[in-house]
Amino acid sequence: MAHDIALTDILQRRQKIMDAFQFLGEDQQAKLEYLMDLGEALPSLTAAQRSEENKISGCMSKVWLVHREEKGVLILAGDSNTVITKGLLSLLIQLYTHQKPKIIIDHDFSWLQTIGLYQIIGAQRANGFAHMINRCKMVALRYYKQKV
Amino acid sequence: MPTPSSQDSFLDTNLAAAFPILQQKIYQKSLIYLDNAATTQKPIQVIQALQQYYEQYNANIHRAAHTLSSIATRNVEDTRAMIQQWINAATTEEIIFTQGTTAAINLVAQTYAKQQLNAGDEILISLLEHHANIVPWQMLAQEKGVVLKVIPVKTDGTLDMDAFDQLLTAKTKMVALVHISSTLGIINPIEQIIQKAHARHAVVLIDGAQSIAHMPIDVQQWDVDFFVFSAHKAYGPTGLGILYGKKQYLEMMPPYQGGGGMVAHVTTHQSKYQPLPYKLEAGTPPIASICAFQEAIRFIQTIGYTKIQKIEHALLVYAQELLQKIPAITLYGTTDVKKKIGIIALNVQGMHHLDVGLLLDARGIAVRTGLLCTQPLIDYWQVDGMVRISLAVYNTFQDIAITVQALKNIIQKHGT
Ligand SMILES: Cc1ncc(COP(=O)(O)O)c(C=O)c1O
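Residues numbered from 1 in each chain as written. Chains lettered and ligands numbered in written order. Predicted model: local features only at pLDDT ≥ 70, side-chain atom pairs only at ≥ 80, totals over all residues. Heavy atoms only, no water.

> An account of the site of the ligand is requested, with residue identities and associated values reported.
Residue and element names in this part refer to chain B. Surrounding the ligand, one finds 13 residues, the nearest of these being Thr 102, Asp 207, Gln 210, Ser 230 and Lys 233. A distance of 2.5 Å separates an oxygen atom of the ligand from a polar atom in the side chain of Thr 102. Within the side chain of Asp 207, a nitrogen or oxygen atom sits 2.5 Å from a nitrogen atom of the ligand. Considering the ligand on its own, with 390 Å² of exposed area, one finds that the protein chains cover 85% of that surface. Of the residues that constitute the shell around the ligand, the class distribution is three nonpolar, eight polar and two charged. (Near = heavy atom within 4 Å. Polar contact = N/O pair within 3.5 Å; in protein donor to acceptor, adjacent residues only side chain to side chain. Areas by Shrake-Rupley, 256 points an atom, 1.4 Å probe, with all protein chains shown as cover. Nonpolar A, V, L, I, M, F, W, Y, C, P; charged D, E, K, R; others polar.)

Given below as structure tokens:
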């Protein structure tokens, strides 16, 4: 039961993001500005949190992800030295924070293709974004394994 | 925004019209291409020449007895002769086709320098170099124990000539220097440098990747020993570079790559090499690019360097004036327009260069961001990248005005 509610929740969050991009339509500049607005709104991490350990490698920009578990859900926060990457992180966090690890592990990201995200960020950054998704999934997997 | 176009008649020419790629829209906005230092766009004549080659006379050169091969061969040799006259080389034997500037520098490093330099000999480069004129010498230094020395720059990005005078000693066997900085647009005083280097019996290689499209080249007047550039940065096709070398030095160079086209007589144990320039051109060259490059040279010569310099100078003056008025923008290197060409490196206060680049791209404006293949120079300013605007002759005052306005909007929305 609880699992179903969580699943509904992540699908709703996904829909919210899809709606936002759909609303912006073909306007590249508006989409990019939207992503950057998200990035600017995402709180920064402390200097201590921006550590080598929390850094995600393989991205063009510097990216950090911190995480903790609380009552069975994962709480995520992140930062980057570029606003665009913070925007991408913000999307990931919107989806994943306060979710159960299993939900994160199972979530299929192919829907991102449909919102034209990769056209906005370009192939190289799409690659970096894949690294961010991977890191989230790895983190979730670690918590999940500790549980079972 | 007022443009100074009214008083200048040379601005009437619509050069961009000859460039099909510039007519397109990027994200519903007219493309403004300001990444010309990376590669220039190609005029329709060049594109048609490429197509013509494949439609009418595609054949391998120097080999077959058939008609197509002799047309292709003649065309390739015509290009060589055109380049010889264009840069004022003494003979066509001094013009070697390579894959690009990078390949040409590596060729000199791995043949001439490798053979002529010994452990303890010194090579002088500068802090302004593109990675292509750093790494090949580092590789040679590791391999042969030659010592790499770097001419520093002054705070305005210009070469520190006093330091050069001190670094240039009897140990200096080679000076490998960029003609025009790809990051700052600064023109180095190469004639003076060549003279001083020659007085010390050092051989000079000049990286002309950024000068060939923007100012007249005269290798004999400058008495330069090696001069290298890429066709694709001068309105020509990709995959083609030119190594000019004085015949006496090219003669000394052992063949670099072995293969077809560079040998006169081959038994399974030994080969007799072709004379210059073929000795240094193993394998099938980029024939289509070589043939089509003629049209790029013709494009430049038809406008003429005088007019090219006038146009680009006026654009640079206009762009710098507007940018200097924006407090949030930092410009790097000297803004003295007598010392540079149309390349402007900048950062926006409180913004990452990548964000600025993407926001410009979303407005249809193409610039380069990041380390710009000149990391030592970027490190000198203690930043982790820059935004680079680089001009070509087809750019317009309107391109500049729109770009500056876009930067203003970006700063207003995202700057600190
Ligand atoms: C000054 C300079 N040298 C060398 C190069 C390398 O040219 P290519 O990539 O055509 O070999 C460039 C190109 O960016 C350049 O600007």
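> Before we move on, can you summarise the interface of chain B and chain A with the specific residues and values?
Taken together, the contact pairs 13 residues of chain B with 18 residues of chain A. For the pair chain B and chain A, the summed buried surface comes to about 1,400 Å²; carbon and sulfur atoms form 53% of the total. Three residues, Leu 354, Asp 355 and Leu 358 of chain B, lead the burial of chain B against chain A; their summed loss comes to 35% of the area buried on that side. Inspection of the region where chain B meets chain A yields three salt bridges. Arg 363 of chain B is paired through a salt bridge with Glu 33 of chain A; the nearest N and O atoms lie 2.7 Å apart. Linking chain B to chain A there are eight residue pairs in polar contact (both at pLDDT 80 or more). By residue number, the principal contributor to the side of chain B that touches chain A is helix H11 (residues 353-361) of chain B, which donates four residues. Classifying every residue of the side of chain B that touches chain A gives five nonpolar, three polar and five charged. (Contact = heavy atoms within 4.5 Å. Buried area = accessible area lost by both parts, 1.4 Å probe. Salt bridge = Lys/Arg side-chain N within 4 Å of Asp/Glu carboxyl O. Helix = DSSP H or I, 4+ residues; strand = E, 2+ residues; numbered from the N terminus.)

> Can you explain the environment of Ile 56 of chain A? Please cite residues and give values.
Positionally, Ile 56 of chain A belongs in the loop between helix H2 (28-41) and strand S1 (63-70). Placed 79 residues apart in sequence, Ile 56 of chain A and Arg 135 of chain A show a C-alpha to C-alpha distance of 7.2 Å.

> Let's hear about the environment of Asp 27 of chain A: which residues, and what values?
Mapping Asp 27 of chain A onto the fold places it in the loop between helix H1 (2-24) and H2. Spatially, the C-alpha atoms of Asp 27 of chain A and Cys 59 of chain A are 26 Å apart, while their sequence positions differ by 32 residues. In this structure Asp 27 of chain A touches Gln 28 and Lys 29 of chain B, once residues within four positions along its chain are discounted. Among the polar contacts listed, one links the side chain of Asp 27 of chain A to the backbone nitrogen of Gln 29 of chain A, at a separation of 3.1 Å.

> Quick one: what's the story with the confidence of the model for chain A, residue by residue and with numbers?
Residues of chain A with pLDDT of at least 70 account for 97%, and the chain-wide mean is 88. The lowest-confidence element of chain A is H1 of chain A, averaging 84 in pLDDT; the highest-confidence one is strand S2 (residues 73-80) of chain A, averaging 95. (pLDDT = per-residue confidence, 0-100.)

> An account of the domain arrangement of chain B is requested, with residue identities and associated values reported.
Residue and element names in this part refer to chain B. Taken domain by domain, chain B holds domain 1 (9-43 + 304-414) and domain 2 (47-301). When each unit is reduced to the centre of its C-alpha atoms, the spacing between domain 1 and domain 2 is 28 Å. Tallying the contact residues gives 37 residues for domain 1 and 36 residues for domain 2. Buried area between domain 1 and domain 2, summed over both chains or domains, comes out near 3,200 Å², and the portion from carbon and sulfur atoms is 61%. Per-residue buried area on domain 1 facing domain 2 is highest for Tyr 305, Ile 341 and Leu 377; these three make up 21% of the total on that side. Between domain 1 and domain 2 we count zero salt bridges in total. Put simply, domain 1 and domain 2 have 23 residue pairs in polar contact (both at pLDDT 80 or more) between them. Every element with two or more residues in the side of domain 1 that touches domain 2 is listed here: helix H10 (305-324), strand S14 (343-348), helix H12 (375-380) and strand S17 (386-390). It is H12 that contributes the most residues to the side of domain 1 that touches domain 2, five residues altogether. Grouping the constituent residues of the side of domain 1 that touches domain 2 by class yields 23 nonpolar, nine polar and five charged. (Domains from an automatic or database assignment.)

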